[in-house]
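Descriptive structure summary
For reference, the chains in residue letters:
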Amino acid sequence: MKKVNKAAIASLVLTLTTGALLTGCGSNGNGNSNATGNANSAASNASKDNAAPKEKVVLDFWTFWGSETRRPLIEKIIDDFNKAHEGTIEVKHSYYPFGDIWTKSLAQTAAGNPPDVIVNAIEETGLRAAKKQNTNLADFLAKDPDVKNRFREDLWNTVLYKGDPYALPFTTDTRMMFYNKTAFKEAGLDPDKFPDTWDELEQVAMKLDKKDAKGNYTRIGYAPQFAGFDAKSIAVNFDGGKGWLDENGQANANTPGKIEGFNYVQRYTDRLGQKNIDEFKAAFGSKEANPFIAGKVAIWPDAVTFQTQLRDFGKGMDVGIAPIPETKEGAGHWSTGGGFVVEIPAGAKHPAESWEFIKYLTDVQAQTYWAKMNYDNVANVQASNDAELIKDPVYKASVDNLADTRVYTRPAAAADMFKMLDPQVDAILQKQSTPKEGLDKAQKDIADLIAQNGG
């Protein structure tokens with residue numbers, strides 16, 4: 001298995017279509033006398049001269065990108081598109097808060113007045129297709145078959161429902177381990193060698209813990225309960241990257257690997273104490289108050305877009321990045337991913353023009369710009385491997401890490417499976433049940449849900 005450079009650090013701050021005009025031509029038609037032909041031609045020209053010019057189509061594009069970092073970027077991309085399609089298509093950006101955007105979109109779609117294009121979660125594209133909430137893009141793709149080749153096969157498969165595409169991938173992501181090299185040095189650890197296995201990580205984490213004179217933790221080296229690779233993700237990693245459903249869409253919750261993953265998480269609870277874990281989490285903030293940036297946690301798993309926070313608020317930090325650990329050598333540094341798609345809601349009034357816009361959003365120019373400015377793992381393979389981007393060790397590490405990253409989708413029959421799983425996970429983490437007891441219950445509940453839904 002190809003491994004990424006575990007010692008790479010964030011050292012480089014990255015800076016940084018045209019439309020088709022439809023023309024028609026008149027025809028003489030019947031080949032009669034020149035006079036007749038000229039008369040027909042004149043009439044045709046007169047008809048065209050008197051016809052009203054084609055009205056510009058205005059598209060309403062919904063996103064949740066309203067931050068001071070991302071809003072200017074998406075609006076720059078929109079502006080570039082508008083300039084390239086001046087007089088034919090104009091895109092207007094509508095911002096709604098994360099979460100609220102989808103509730104509002106569903107209401108608007110049900111009322112027959114959806115947005116023209118929306119950013120949505122990649123994992124649930126097929127679920128929305130099953131509920132007839134988004135537009136089948138198969139006819140558009142038949143005319144633009146090369147669009148499919150922009151994406152990795154596994155990522156393309158996430159937007160398919162019954163073999164047809166219902167969105168285009170915009171971004172994906174991957175989780176990696178950020179670690180404080182200064183803290184490693186203070187603890188007598190090699191700052192250029194991150195633990196390879198989970199057992200090694202546990203030993204390193206204990207060396208990174210710090211307490212005050214009263215025995216209170218002032219720094220926790222690592223805790224699975226923190227940040228962007230939670231207990232469920234660890235369980236999947238311990239299970240060889242296999243998700244909560246098997247390849248046939250059936251429940252896959254109580255495997256030996258997943259049980260062992262939760263046993264591993266509970267070891268940290270036993271050592272650190274739930275009270276200490278809860279108190280640390282309660283004090284977490286954002287920007288400079290992020291616990292990793294503030295020095296309260298030495299190892300922080302997160303999506304690689306966390307690099308933008310380090311860039312903006314962690315100036316002067318000496319940070320390393322490494323893959324998620326594996327259970328043993330060769331088992332796999334399995335990471336979980338997600339991402340977002342751009343799609344045309346069902347009933348959108350301008351699907352042809354919307355297709356032109358989502359094609360633009362997922363083409364090389366827009367995707368490369370988004371990646372450079374956001375540290376995002378964009379879906380377009382060519383853009384993701386841009387020569388300037390790959391020069392940066394952190395971004396290259398994230399691209400390499402995609403080989404060990406899985407995006408897990410759900411069939412319609414299992415749409416609510418996390419309502420079955422999450423209560424059992426909470427019970428396990430609160431030690432109200434053992435990992436085996438909790439996951440056995442989750443297995444049964446998810447299996448029953450799928451059976452009830454005809455899966």
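Thresholds applied
- Residues numbered from 1 in each chain as written.
- Predicted model: local features only at pLDDT ≥ 70, side-chain atom pairs only at ≥ 80, totals over all residues.
- Heavy atoms only, no water.
- Helix = DSSP H or I, 4+ residues; strand = E, 2+ residues; numbered from the N terminus.
- Buried < 20%, exposed > 50% of the residue type's maximum accessible area, 1.4 Å probe, protein only.
- Areas by Shrake-Rupley, 256 points an atom, 1.4 Å probe, with all protein chains shown as cover.
- Pairing = 2+ DSSP bridges.
- Contact = heavy atoms within 4.5 Å.
- Axes fitted to C-alpha atoms, helices over the stretch in contact; angles between N-to-C directions.
- Salt bridge = Lys/Arg side-chain N within 4 Å of Asp/Glu carboxyl O.
- Polar contact = N/O pair within 3.5 Å; in protein donor to acceptor, adjacent residues only side chain to side chain.
- Phe/Tyr/Trp six-rings, centres within 6.5 Å; stacked < 30°, edge-to-face > 60°.
- Parallel < 35°, antiparallel > 145°, perpendicular 65-115°, else oblique.
- Left-handed = near helix turned anticlockwise from the far one by under 90°.
- Nonpolar A, V, L, I, M, F, W, Y, C, P; charged D, E, K, R; others polar.

1. Here we look at the overall build of the protein chain
Summing up its helical and strand segments, the protein chain has 19 helices and 15 strands in all. Within the protein chain, the fraction of its 455 residues that count as buried is 50%. Split by element, the accessible area of the protein chain, about 21100 Å² in all, is 50% carbon and sulfur.

2. Looking at the sheet that holds strand E13 (residues 339-343)
The sheet built from six strands is open, its strands ordered E2-E1-E3-E13-E6-E14 with mixed pairing. Only two strands of the sheet have a single neighbouring strand rather than two, namely strand E2 (89-95) and strand E14 (377-378). By the bridge criterion, four bridges tie strand E3 (residues 117-121) to E13 in an arrangement that is antiparallel. Counted as the bridge partner of Ile-118 is Glu-343 from E13. Each of strand E1 (57-63) and E2 is contacted by helix H2 (residues 70-84), which is oriented at about 165° to E2, the strand it contacts most.

3. Brief notes about the pattern of salt bridges
This model, assessed by the stated rule, comprises 30 salt bridges. A salt bridge links Lys-372 to Glu-388, with the nearest nitrogen and oxygen atoms 3.0 Å apart. Taken together, the residues Lys-372 in helix H14 (residues 364-374) and Glu-388 in helix H16 (residues 387-391) connect sequence positions 16 residues apart. A relative accessible area of 10% places Lys-372 in the buried class. Residue class for Glu-388 comes out partly exposed when judged on its relative accessible area of 33%. Here the residues in one salt-bridge network are Asp-144, Glu-356 and Lys-359, joined through shared partners.

4. Notes on helix H17 (residues 393-401)
Within H17, seven of the nine residues are buried, which leaves it mostly tucked inside the rest of the structure. For H17, the side-chain oxygen to backbone nitrogen distance between the N-cap and Val-394 is 3.0 Å, and the N-cap itself is Asp-392.

5. Topic: the environment of Gly-257
Relative to the assigned elements, Gly-257 resides in helix H10 (residues 256-272). Residue Gly-257 is classed as buried on the basis of its relative accessible area, which comes to 13%. In this structure the C-alpha to C-alpha distance between Gly-257 and Asn-237, which are 20 residues apart in sequence, comes to 8.3 Å. With near-sequence residues (within four places) excluded, Gly-257 lies in contact with Ala-235, Phe-238 and Asp-239.

6. Considering the packing of aromatic side chains
Enumeration according to the criterion identifies 31 aromatic pairs in this entry. Relative to Trp-370, the ring of Trp-65 has its centre 4.6 Å away and its plane inclined at 45°; by these criteria the two rings are tilted. A residue pair is termed long-range when its members are at least 10 positions apart, and Trp-65 in the loop between E1 and H2 and Trp-370 in helix H14 qualify at 305 residues. Each member of the pair, Trp-65 together with Trp-370, is buried. With centroids separated by 6.1 Å and ring planes inclined at 65°, the aromatic side chains of Phe-292 and Phe-306 adopt a geometry described as edge-to-face.

7. A word on the sheet that holds strand E10 (residues 299-303)
Overall, antiparallel pairing links the three strands, which are arranged E10-E7-E11 in an open sheet. Across the chains shown, the open sheet's two edge strands, defined by having one partner strand only, are E10 and strand E11 (319-322). Neighbour-to-neighbour, the strand axes of this sheet turn through a mean angle of 30°, independent of strand direction.

8. Structural notes on the side chain of Thr-63
With respect to the helices, strands and loops of the structure, Thr-63 is situated in strand E1. At 3.0 Å, the side chain of Thr-63 and the backbone nitrogen of Trp-65 are in polar contact. Aside from chain neighbours lying at most four places away, what touches Thr-63 is His-93, Ser-94, Tyr-95, Tyr-96, Ile-101 and Val-119.

9. Some points on the packing of helix H18 (residues 417-429) against helix H19 (residues 435-452)
Where H18 contacts H19, the two axes come as close as 9 Å, and the packing angle between them is 170°. Here H19 runs roughly antiparallel to H18, going by the angle between their axes. Mapping the contact onto sequence places Met-417, Met-420, Leu-421, Gln-424 and Ile-428 in H18 and Pro-435, Gly-438, Leu-439, Lys-441, Ala-442, Asp-445, Ile-446 and Leu-449 in H19.

10. Concerning the packing of H10 against H19
Relative to each other, H10 and H19 sit at 135°, their axes nearing to 9 Å. Between H10 and H19, the interaxial angle falls into the category oblique. For H10 against H19, the interelement crossing comes out right-handed. Contacts between H10 and H19 involve Lys-258, Ile-259, Phe-262, Asn-263 and Gln-266 from the first element and Pro-435, Lys-436 and Leu-439 from the second. Looking at the contact of H10 with H19 residue by residue, the classes come out as four nonpolar, two polar and two charged.

11. Quick notes on unusual backbone geometry
In the Ramachandran plot, Lys-162 falls in the positive-phi region, its phi being about 55° despite a non-glycine side chain. Relative to the assigned elements, Lys-162 resides in the loop between strand E4 (160-161) and strand E5 (164-165). Given the relative accessible area of 73%, Lys-162 is considered exposed. With a phi angle near 55°, Lys-287 is a residue other than glycine that sits in the positive phi range. Structurally, Lys-287 is set in the loop between helix H11 (274-282) and E10. By relative accessible area, which is 40% here, Lys-287 ends up partly exposed.

12. Notes on the pairing of E13
Extensive coverage of E13 is indicated by the burial of five of its five residues. On E13, burial covers both faces: Gly-339, Val-341 and Glu-343 on one face and Phe-340 and Val-342 on the other are all buried. As judged from the four bridges shared by strand E6 (residues 168-172) and E13, these two strands associate in the antiparallel manner. Residue pairing across strands places Thr-171 opposite Phe-340, the latter belonging to E13.

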